[in-house]
Protein chains: 6
Amino acid sequence: MSRTALVVSAHPGDFVWRAGGAIALHAKKGYRVKIVCLAFGERGESQFAWKQSGMTLEKVKAGRRDEAERAAAALGAEIEFFDAGDYPLRLADSHMDRLIDIYRDLNPGFVLTHSLEDPYNVDHPAAAAYAQEARIVAQAMGHKPQADYNYSAPPVFLFEPHQPEMCNFKPQVILNIDDVWDLKRKTFEILAAQKHLWAYYERVALQRGMQGGRNSGRAMTYGEAYQRLFPLVVEELA
Amino acid sequence: MSRTALVVSAHPGDFVWRAGGAIALHAKKGYRVKIVCLAFGERGESQFAWKQSGMTLEKVKAGRRDEAERAAAALGAEIEFFDAGDYPLRLADSHMDRLIDIYRDLNPGFVLTHSLEDPYNVDHPAAAAYAQEARIVAQAMGHKPQADYNYSAPPVFLFEPHQPEMCNFKPQVILNIDDVWDLKRKTFEILAAQKHLWAYYERVALQRGMQGGRNSGRAMTYGEAYQRLFPLVVEELA
Amino acid sequence: MSRTALVVSAHPGDFVWRAGGAIALHAKKGYRVKIVCLAFGERGESQFAWKQSGMTLEKVKAGRRDEAERAAAALGAEIEFFDAGDYPLRLADSHMDRLIDIYRDLNPGFVLTHSLEDPYNVDHPAAAAYAQEARIVAQAMGHKPQADYNYSAPPVFLFEPHQPEMCNFKPQVILNIDDVWDLKRKTFEILAAQKHLWAYYERVALQRGMQGGRNSGRAMTYGEAYQRLFPLVVEELA
Amino acid sequence: MSRTALVVSAHPGDFVWRAGGAIALHAKKGYRVKIVCLAFGERGESQFAWKQSGMTLEKVKAGRRDEAERAAAALGAEIEFFDAGDYPLRLADSHMDRLIDIYRDLNPGFVLTHSLEDPYNVDHPAAAAYAQEARIVAQAMGHKPQADYNYSAPPVFLFEPHQPEMCNFKPQVILNIDDVWDLKRKTFEILAAQKHLWAYYERVALQRGMQGGRNSGRAMTYGEAYQRLFPLVVEELA
Amino acid sequence: MSRTALVVSAHPGDFVWRAGGAIALHAKKGYRVKIVCLAFGERGESQFAWKQSGMTLEKVKAGRRDEAERAAAALGAEIEFFDAGDYPLRLADSHMDRLIDIYRDLNPGFVLTHSLEDPYNVDHPAAAAYAQEARIVAQAMGHKPQADYNYSAPPVFLFEPHQPEMCNFKPQVILNIDDVWDLKRKTFEILAAQKHLWAYYERVALQRGMQGGRNSGRAMTYGEAYQRLFPLVVEELA
Amino acid sequence: MSRTALVVSAHPGDFVWRAGGAIALHAKKGYRVKIVCLAFGERGESQFAWKQSGMTLEKVKAGRRDEAERAAAALGAEIEFFDAGDYPLRLADSHMDRLIDIYRDLNPGFVLTHSLEDPYNVDHPAAAAYAQEARIVAQAMGHKPQADYNYSAPPVFLFEPHQPEMCNFKPQVILNIDDVWDLKRKTFEILAAQKHLWAYYERVALQRGMQGGRNSGRAMTYGEAYQRLFPLVVEELA
């Protein structure tokens, strides 16, 4: 199993709130974790910035890029920005081509991305569909044929959306993130413009942690929930 | 994690066709595997026997008990019969009481039982509901209070029904049973009365095996599919 | 294909509103159609009667039995009453035994019964589950073993509930009932106590008729909608 | 619209965690709110008590009854105990008869009860099915015919289960409980044996509050989520 | 709550059949109701016109525009045409930009649009997705930043499609339209080319009316059914 | 009923594995069957070819075209290639225009195409959506108005995907293909590059055959499963 992981995130906040624990935990275990951040959330997730006078799109993007870079570094991950525009995402063929290259090069052990539905947000399902398409096309040997092709399509985990039931999200996997919770929580503070969400996502982690304890019978405090898109293949059930 | 497992099966054939690989595989790994066989399938799954003249219910039951005992032994498992009657199952309070005791005593690392729906068979969902209820009541400390209570409700895997899509069955977990396939296949032959199903379930194993290979990127030939009832709690996603 | 049909109806009105067209149409084609009416609807579907002074349960039942007999006769069907009590249905083992016998004796070409869900009515899903169980147990050769067993479990069609979307009802089959509409409509008038539903179910027939025309491209005016519980097996798709 | 409300709760904790805000809020508005508590949770939801030596079923029940009475009083509601036994609920015909009487007498403006599914708990869906059946049978004029019958089947709201996504629970209605939050939170403390849940359900209230604010555009802090079983009938959409 | 409403309709007939009652009722209550009609239905919903000789696309569009203007006026609403083409809708970026402006300017108290699925019609779900996207992007403060931004994303009601069950439509809200039924019915007659639908949609109104009466216990005759996309936030449950 | 049929297939293999029986059977019955093959599967379904040195896209396409032509001929069908590119499909307006013309000209008695969902393959659901859109637009009389318009939108059958449960595929119709199985199986061998799938799809046919026998009570060996998109309209239920 490849010890690399790929995170396809619509906006900077998403990889922190929804997958910050998984990123930090696997980085700590020695995984190479790469985040592809499709947009800066410059139009739709920077309400705070736009309330300041004299703000421009470029200034907002620069600010959010800076935050995202620091957040990725704090969690122990690489980050690549596609700057594809937000609300809505405007994904060009060149973005898809680049994402397929990343899948092939990284050959990730697993992929994290958004839920397939979200009636509150059009960018999130678009990002998930995009991550899915690239994962599949990377399998097509006739796409940029190469002699040393050894790509294997990885399992996909969908991360928890803001209002999970409204997105038909099912928490099929709960990841114990106790070992990296402090780091995840500190990373929240890099996202200064979304301070109103810090406590919200701390509560999400506590609820999933308690549920993780209930479902496993093993004590844990903080969790992240994921939905698997494909069957899990195992050698043992317990 | 407890290295014991519990299988709650409506009829003798079910634990062979649907979970024979899991039983044999975990037995081979050193698990104590216990099968609770709720009924002998004497009325509804012994068409062959009933075509013989002079047949009686007791004779059919004795024959099926013998087959089931040999099948369980072949797979490496213990078996306990509830003789609760089939078509429909007639589960008494004493059966429930006994099953709760088994949960408490065995404290299984996981439970295998039927799918929650099956429009072709009323005993299968009844068995699943029953296994579920016992699993839950075993958690009630006020049920037969005991000083050394240490029961932990185990994860539940639902096994594949005969016509999976009609039962809304989703193969969320595929178990690689290559190491025990020969044994599972030989066990089929103990079920002499259901010879028409041998090839059917060999094909099921091959289809799930090929799907397992596709979903994991690792070669495998034979599989068993399961649906999980509760979230999987993990320390690592890959 | 056996030219017999079985209708398992919770109350008298149900077989008229929901399946009156199918009954009349198949009777006209020469089918032997048998209705099993589980209860008289004496407590829960006789509001009109109970507003009369001096009413007793027996009087209400007698009145509803009379209506049901006349309605069945008008549609061209036999009827058998189980008098199992309504709101809720109280189905005894002897009723189940009798229903299984009916399945075996009639060996119906198809069965009509209620939808599997109905949050407005507990008797309807109970009747459907009951019809299902009897259909399955009738297959068990060890249930009343008989030398000349030749029962074949028939396809099941679920009839349209009062508020179809709330019951997760899907109209997978639309039956053209133009040839018997007048008869069905006249039969409504036998159900004097439920006059407020005559126009409602006339509109249902017109809506399903128009939808039938749209879905087939063939003109029709009146329809009845059904949901199939099992796959349709065919020799040709058109 | 009748200014009364009925809460059908499996165990004492449920009406506090899941509906304490609704109870207190409507009581404050002048509603007569009646809680029917089907069981004391004496076997399955009193783990703390059973860890004490010399404990008996009667002592546990007495303790939980006392807590439940004080909790109901604190919230401003009446409470009636059915003492039907828990894990599993053992609902007798006499209980059903009594619950139907309560529906008829109270003629509630709305009913609160459990979600229809809960794979972690068999009592909760049983309570919901029971509340549903009584609501329906109360409509049957032939059930205890009475001259002054004026019952109207009320809307049903399902309260939020412990792990909502696993129960297929959809938060279709969010009730703003800011005005009574302090009271609800204080009532938690009456449930001394379930201290581990206080913080959990405080977080639930905060999450639903924040979601309520997002969905309405009106500031609010604490919420309770409900699922409606039937369509809402309105004179105006906004 | 803003006393304005927005209707996003694929074609002219849709806002009449599906939302004519809501439009007339809220207009009568003093709401400013604005209809955005994305296409004239000139290719796909003007079969009658195309049967006339010498017909051209421009003539058909002119005829349908005239009908739509008269229908909107009759119902008491404003109408704006996007002329985006039908079968399929061809929505350009400029249309999206305009629709976002409308959301911002009108700041509607609620939005009405099509169901999310419709296997019979590709324009309807496209219109719904489009209305959704504009509603969301209007929230993005970085989209045309403005000093006096005060937009609040409104609740969305999906209107009833032609064959509701096939579109997975659930009637969660039934609006009593008795007060404006005569007006709605008269408006049908403006749609001369779709005369075959007048009676169909009159029956829809009667069925939803009767269901509204059943669900509320309050007499009503005509209704319109809607599905809510987001939770309803309330201060009282009754 | 028109004795013509249309198959809209993403890639060459699909119409053989998934619909080869239906094609051969109806061709044998005298239907004109036309296959529209949207892409050659040159990039994503020709792994074998790309492992050969010196391979080019044009060579792969030529090879797959040749296979597809021979397979169509063997099955008794016409074939038209859109050469729209695969992984992903790149369907241009001119392709849609052509497909609509085909619907109008062929006026098929039924259409076969892919399932609506497939998380393993983006081309399959795209092909199904495309076939759906063309079927609907062909109904629009204002699309290329013609004097002799007599198109009637045909029923749609979705064919079985590779991992049916993961695609939410329900086998609502099982076609008995015993009469043409040998031919279907021989056609597999034309698809030399996908030899690993021959046995897989032979097993699919055997499983569906056995299920067809169970569901009909009539002996059969080989089947193909389909899901219907629209209600079936009938004159008789049996």
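Quick summary incoming for the structure in this document. (Residues numbered from 1 in each chain as written. Chains lettered and ligands numbered in written order. Predicted model: local features only at pLDDT ≥ 70, side-chain atom pairs only at ≥ 80, totals over all residues. Heavy atoms only, no water.)

### Focus on the packing of helix H4 (residues 57–75) of chain B against helix H7 (residues 181–188) of chain B
All names here are of chain B.
Line of reasoning, step 1. Interaxial distance between H4 and H7 falls to 10 Å at its minimum, and their mutual angle equals 170°. As far as their axial angle goes, H7 and H4 are roughly antiparallel. For the pair H4 and H7, contact is made by Ala 71, Ala 74 and Leu 75 and by Leu 183, Lys 184 and Thr 187, respectively.
Line of reasoning, step 2. Per-class residue counts for the contact of H4 with H7 are four nonpolar, one polar and one charged. (Axes fitted to C-alpha atoms, helices over the stretch in contact; angles between N-to-C directions. Helix = DSSP H or I, 4+ residues; strand = E, 2+ residues; numbered from the N terminus. Parallel < 35°, antiparallel > 145°, perpendicular 65-115°, else oblique. Contact = heavy atoms within 4.5 Å. Nonpolar A, V, L, I, M, F, W, Y, C, P; charged D, E, K, R; others polar.)

### A short note on the interface of chain D and chain B
Line of reasoning, step 1. In this complex, chain D contributes 14 residues to the contact, which on the side of chain B involves 15 residues.
Line of reasoning, step 2. Buried area between chain D and chain B, summed over both chains or domains, comes out near 1,300 Å², and the portion from carbon and sulfur atoms is 66%.
Line of reasoning, step 3. The interface formed by chain D and chain B holds one salt bridge in total.
Line of reasoning, step 4. Among the ionic pairs, D:Arg90 bridges to B:Asp93, the shortest N-O distance being 3.5 Å.
Line of reasoning, step 5. On the surface where chain D and chain B come into contact, there are seven residue pairs in polar contact (both at pLDDT 80 or more).
Line of reasoning, step 6. Within the side of chain D that touches chain B, the residues separate by chemical class into seven nonpolar, three polar and four charged. (Buried area = accessible area lost by both parts, 1.4 Å probe. Salt bridge = Lys/Arg side-chain N within 4 Å of Asp/Glu carboxyl O. Polar contact = N/O pair within 3.5 Å; in protein donor to acceptor, adjacent residues only side chain to side chain.)

### What about the relation of the copies chain D and chain B?
Line of reasoning, step 1. It takes a turn of 120° to lay chain D on chain B, together with a shift of 0.0 Å along the axis; the resulting RMSD is 0.0 Å. Taken together, the rotation angle and the small translation identify this as a three-fold axis. The position closest to the rotation axis in chain D is occupied by the C-alpha of D:Glu117, lying 8.0 Å away. (Least-squares fit on C-alpha atoms with pLDDT ≥ 70 in both.)

### Focus on the environment of A:Gly41
All names here are of chain A.
Line of reasoning, step 1. Position of Gly 41 relative to the elements: it lies in the loop between strand E2 (32–37) and helix H3 (47–50).
Line of reasoning, step 2. Judged by its relative accessible area of 0%, Gly 41 is buried.
Line of reasoning, step 3. In this structure the C-alpha to C-alpha distance between Gly 41 and His 11, which are 30 residues apart in sequence, comes to 5.1 Å.
Line of reasoning, step 4. Contacts of Gly 41, omitting those with residues within four sequence positions, involve His 11, Pro 12, Ser 46, Arg 64 and Asp 86. (Buried < 20%, exposed > 50% of the residue type's maximum accessible area, 1.4 Å probe, protein only.)

### Points about the relation of the copies chain F and chain C
Line of reasoning, step 1. Note on the copies: chain F fits chain C at an RMSD of 0.0 Å, the axial shift is 0.0 Å, and the rotation between them is 180°. The transformation relating the two chain copies, once decomposed into turn and shift, fits a two-fold axis. Proximity to the rotation axis, assessed at the C-alpha, singles out F:Gln172 in chain F; its C-alpha lies 4.8 Å from the axis.
Line of reasoning, step 2. A share of 100% of interface residues in chain F that are also interface residues in chain C marks the association as one of identical surfaces.

### Digging into the sheet that holds strand E1 (residues 4–9) of chain D
Line of reasoning, step 1. One open sheet accounts for eight strands, arranged E3(D)-E2(D)-E1(D)-E4(D)-E5(D)-E7(D)-E6(D)-E8(E); its pairing is mixed. Both outer strands of the open sheet, strand E3 (78–81) of chain D together with strand E8 (232–234) of chain E, are each paired with one neighbouring strand and no more. Averaged over neighbouring strand pairs, the angle between their axes works out to 25° when direction is ignored.
Line of reasoning, step 2. Judged from the four bridges that link them, strand E2 (residues 32–37) of chain D and E3(D) form a sheet pairing that is parallel. What sits directly across from D:Cys37, in E3(D), is D:Phe81.
Line of reasoning, step 3. Of the strands in this sheet, E2 and E3 of chain D are in contact with helix H4 (residues 57–75) of chain D, which crosses E3(D) at around 155°.
Line of reasoning, step 4. Relative to the sheet, helix H6 (residues 123–137) of chain D contacts E1, strand E4 (110–113) and strand E5 (156–159) of chain D, its axis offset from that of E4(D) by approximately 160°. (Pairing = 2+ DSSP bridges.)

### Considering the interface of chain F and chain C
Line of reasoning, step 1. Across the boundary between the two partners, chain F contributes 33 residues, which contact 33 residues of chain C.
Line of reasoning, step 2. At the boundary of chain F with chain C, total buried surface from both sides reaches about 3,000 Å², with 57% on carbon and sulfur atoms.
Line of reasoning, step 3. Contact with chain C buries area across many residues of chain F, yet F:Val233, F:Glu235 and F:Leu237 alone supply 24% of it, more than any other trio.
Line of reasoning, step 4. Counting the contacts that link chain F with chain C gives two salt bridges.
Line of reasoning, step 5. At the junction of chain F with chain C, the criterion picks out 16 residue pairs in polar contact (both at pLDDT 80 or more).
Line of reasoning, step 6. Looking at the side of chain F that touches chain C, the elements that each hand over two or more residues are helix H2 (20–28), strand E4 (110–113), strand E6 (173–176), helix H8 (198–216) and strand E8 (232–234) of chain F.

### Side note on the sheet that holds E2(A)
Line of reasoning, step 1. Overall, mixed pairing links the eight strands, which are arranged E3(A)-E2(A)-E1(A)-E4(A)-E5(A)-E7(A)-E6(A)-E8(B) in an open sheet. The sheet is open, and its two borders are formed by strand E3 (78–81) of chain A together with strand E8 (232–234) of chain B, each paired with just one other strand. Taken pair by pair, the neighbouring strands of this sheet meet at an average axis angle of 25°, ignoring direction.

### Describing helix H7 (residues 181–188) of chain A
Every α-helix winds through 3.6 residues per turn, so residues three or four apart in the chain are directed the same way.
Residue and element names in this part refer to chain A.
Line of reasoning, step 1. Along H7, the residues classified as buried are Trp 181, Lys 184, Arg 185, Thr 187 and Phe 188. Along the axis of H7, the buried positions cluster into a sector of 155°, meaning they face one direction only. Across from the buried face of H7, at angles greater than 90 degrees, the exposed residues are Asp 182 and Lys 186.
Line of reasoning, step 2. Looking at the buried positions of H7, the neighbouring elements they touch are helix H1 (12–17), helix H2 (20–28), helix H4 (57–75), helix H8 (198–216) and strand E7 (223–228). (Arc of directions from axis to C-beta.)

### As for the state of the cysteines
Line of reasoning, step 1. Counted under the stated rule, the structure contains zero disulfides over all chains.
Line of reasoning, step 2. In this model B:Cys37 remains outside any disulfide bridge; the closest cysteine sulfur is found in B:Cys167, 19 Å from its own.
Line of reasoning, step 3. As a non-bridged cysteine, D:Cys167 has A:Cys167 as the owner of its nearest cysteine sulfur, 18 Å distant. (Disulfide = S-S within 2.5 Å.)

### Details of the pairing of strand E6 (residues 173–176) of chain E
Line of reasoning, step 1. Burial of the side chains of E6(E) extends over both faces: E:Val173 and E:Leu175 are buried on one face and E:Ile174 and E:Asn176 on the other.
Line of reasoning, step 2. Here three bridges tie strand E8 (residues 232–234) of chain D to E6(E), and the two strands are oriented parallel to one another. Each residue of the ladder has a partner; that of D:Val233, found in E6(E), is E:Ile174.
Line of reasoning, step 3. Where E6(E) and strand E7 (residues 223–228) of chain E come together, four bridges link them in antiparallel fashion. Paired with E:Leu175 across the bridge in E7(E) is E:Glu224.

### Some thoughts on the environment of F:Val7
All names here are of chain F.
Line of reasoning, step 1. Mapped onto the elements of the fold, Val 7 is located in strand E1 (residues 4–9).
Line of reasoning, step 2. Taking the relative accessible area as the measure of exposure, Val 7 reaches 1% and is therefore buried.
Line of reasoning, step 3. For the pair Val 7 and Leu 183, spaced 176 residues apart in sequence, the C-alpha to C-alpha distance is 18 Å.
Line of reasoning, step 4. Once residues within four sequence positions are removed from consideration, Val 7 is found in contact with Phe 15, Ile 23, Val 33, Lys 34, Ile 35, Val 36, Leu 112 and Phe 159.

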